[in-house]
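These are the residues of each chain, in order.
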Amino acid sequence: MNSLELQNLPEGVQRVAAALKAKNHPHPPVMLDDAARTAQQAADALGIAVGQIAKSIIFRRKEDDAAVLVITSGDRRVDEKKVEALVGRIGRADADFVKAKTGFSIGGVSPLAHAQPPVTLVDQELFRFEEIWAAAGHPHGVFKLHPRDLALLSGAPTADVTQAVQA
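Along every chain, residues carry numbers that run from 1 in the direction the sequence is written. Local features are withheld for residues below a pLDDT of 70 in this predicted model, meaning they are given only at 70 or higher, and side-chain atom pairs are given and counted only at 80 or more; totals for whole chains, interfaces and linings count all residues. As a rule here, side-chain values come from all non-hydrogen atoms in the structure, and water together with hydrogens is ignored.

For the rest of this paragraph, the subject is the overall build of the protein chain. Across its full length, the protein chain carries 6 helices and 8 strands. Beginning at the N terminus, the succession of helices and strands in the protein chain can be written as α-α-β-α-β-β-α-β-α-β-β-β-α-β. We take the radius of gyration over the C-alpha atoms and set the globule estimate at 2.2 Å times the residue count to the 0.38 power. Expected size for 167 residues packed as a compact globule is a radius of gyration near 15 Å; at 15 Å, the protein chain falls within 12% of this value. Its C-alpha atoms give the protein chain principal-axis dimensions of about 45 × 35 × 25 Å. Expressed as a percentage of the 167 residues in the protein chain, the buried residues total 48%. Within the protein chain, contacts between residues at least 6 apart in sequence are counted, and of these 63% link residues at least 24 apart. Accessibility throughout is a Shrake-Rupley quantity obtained with a 1.4 Å probe, and a residue counts as covered only by protein chains that appear here. A total accessible area of about 8,500 Å² is found for the protein chain, and carbon and sulfur atoms account for 49% of it. Charge counting treats Lys and Arg as positive and Asp and Glu as negative, with His and both chain ends excluded. Every charge is mapped onto a representative atom, which is NZ of Lys, CZ of Arg, CG of Asp or CD of Glu. One finds the centroid of the 19 positive side-chain charges in the protein chain at a distance of 3 Å from the centroid of its 20 negative side-chain charges. By the criteria applied, helices consist of DSSP H or I runs no shorter than four residues and strands consist of E runs no shorter than two, each listed in order from the N terminus. Relative accessible area decides the class of each residue, using a 1.4 Å probe on protein chains only: under 20% of the type maximum gives buried, over 50% gives exposed, and in between gives partly exposed. Residues count as neighbours in contact if any of their non-hydrogen atoms are within 4.5 Å of one another.

In structure tokens form, the structure reads like this:
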């Protein structure tokens, strides 16, 4: 991606592209024709399984008002009790909190390039896949990566943070 192409992208996508480039990540963000505000919309647009979408879920840690980012597989639900056991008590984060802490709007929260570094956990369920896609700072922006890249790009540990799958 050249600098002219980069200038035409939304500001959040530019931040993500710069962070990816700085870490020598081989896949720059791509812009989808339609918004992918949900994991299902992103999977449909990319022609992949919904589990291959790395959802970025933001919580508010109660003790210090820190943002807690849980990067989870698109076909899983976060188990808040498991997250609390790792990071302390958490609560829901509203759109204003998410925007203030991450610099991104809900529906486009990237796993990296946040305004303020969050406490981050990577869902072990993402490792079921060879290739995953994550939001790139805008509801139309996504980028491709391997699950192991999430730990390298975010510096976050892998953890069991999802609810048990119903058979």
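Let us now look at the pairing of strand E7 (residues 141–145). For a regular strand, the rule is simple: side chains alternate between the two faces of the sheet. Of all 5 residues making up E7, 4 are buried, and the element is well covered by its neighbours. Across 2 bridges, the pairing between strand E1 (residues 30–31) and E7 is antiparallel. The residue bridging Val30 from the neighbouring strand is Val142, located in E7. Strand pairing is defined by DSSP finding a minimum of two bridges between the two strands. What sits between the antiparallel neighbours strand E6 (residues 132–135) and E7 is a turn of 5 residues, in which Gly137 has the positive phi angle 90°.

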